[in-house]
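What follows is each chain in one-letter form.
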Amino acid sequence: MAPIAVGDVIPDGNLALFDEDDKLQTVSIYSLAAGKKVVLFAVPGAFTPTCSMKHVPGFVEKAEELKSKGVDEILCLSVNDPFVMKAWAKTYPENKHVKFLADGSATYTHALGLELDLSEKGLGTRSRRFALLVDDLKVKVANIESGGEFTVSGADEILSAL
């Protein structure tokens, strides 16, 4: 399947997260994104170096600025289970706005056409690193990385697009 692109409507799909009351929830992307401006960014894996030290911190640090430019939701997606995503989210105590969503079986990642086969590294199917700016379910910006790069999918690139 071709990767999601500018002009496409994002597919609906269910993801898992722990809510503010520490309850495990299954949420649909449409329930989080319909009628809103959202940033959906994905990382190949929780607790991995680039994801943990560069990608996520950029969105945590720039969240207020993104919100001031009309972004309603900032969603971090990874092909990990919800318990891993919850533990990873706790490593960012200053985070007030980024929601950590688990795509445990990579079902949603496949629907976006953005899967990354890291089987040779023992990691199985993961997500490519990307950042989408989505307005009422329609992709306005699709910054999708090649390989292990981190050059176009950071918070600064989304801010410049806004």
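I will try to describe carefully the structure that is included in this document. Worth saying up front: this structure is predicted, and the values here are computed from it rather than measured.

## Topic: the nonpolar core
Turning to step 1, where the next piece is worked out: Membership of the largest hydrophobic core comes to 26 residues, with the highest contact counts inside it found for F41, F59 and W88.
Turning to step 2, where the next piece is worked out: Elements represented by at least two residues in this core include exactly β3 (37-43), α2 (49-61), α3 (63-68), β4 (73-78), α4 (82-89), β5 (98-102), β8 (130-135) and α6 (155-161).
Turning to step 3, where the next piece is worked out: Counting residues per element, this core draws most heavily on α2, which supplies four residues.
Turning to step 4, where the next piece is worked out: Every residue in contact with F59, bar those within four places of it in the chain, is listed here: V39, F41, L66, I74, V98, A131, S153, G154, A155 and I158.
Turning to step 5, where the next piece is worked out: Residues L15, Y108, V134 and L137 belong to the second largest nonpolar core, which totals 22 residues.

## Here's the deal with the pairing of strand β1 (residues 14-18)
Turning to step 1, where the next piece is worked out: Judged by how many residues are buried, β1 sits mostly within the fold: four of five residues are covered.
Turning to step 2, where the next piece is worked out: Bridge count between β1 and strand β2 (residues 24-28): five bridges; the pairing is antiparallel. Its bridge partner being in β2, L17 is matched across the sheet by Q25.

## Some words on the pattern of salt bridges
Turning to step 1, where the next piece is worked out: Evaluated as defined, the whole model comprises four salt bridges.
Turning to step 2, where the next piece is worked out: Residue E73 pairs with K36 through a salt bridge whose shortest N-O separation is 3.5 Å. Here K36 lies in the loop between α1 (29-33) and β3 and E73 lies in strand β4, a separation of 37 residues in the sequence.
Turning to step 3, where the next piece is worked out: Between D156 and K62 there is a salt bridge whose closest N-O contact spans 2.9 Å. Of the two residues, D156 is situated in helix α6 and K62 in the loop between α2 and α3; the sequence distance between them amounts to 94 residues.

Scoring rules and cut-offs
Residues numbered from 1 in each chain as written. Predicted model: local features only at pLDDT ≥ 70, side-chain atom pairs only at ≥ 80, totals over all residues. Heavy atoms only, no water. Core = buried A, V, L, I, M, F, W, Y, C linked by side-chain atoms within 4.5 Å. Buried < 20%, exposed > 50% of the residue type's maximum accessible area, 1.4 Å probe, protein only. Helix = DSSP H or I, 4+ residues; strand = E, 2+ residues; numbered from the N terminus. Contact = heavy atoms within 4.5 Å. Pairing = 2+ DSSP bridges. Salt bridge = Lys/Arg side-chain N within 4 Å of Asp/Glu carboxyl O.

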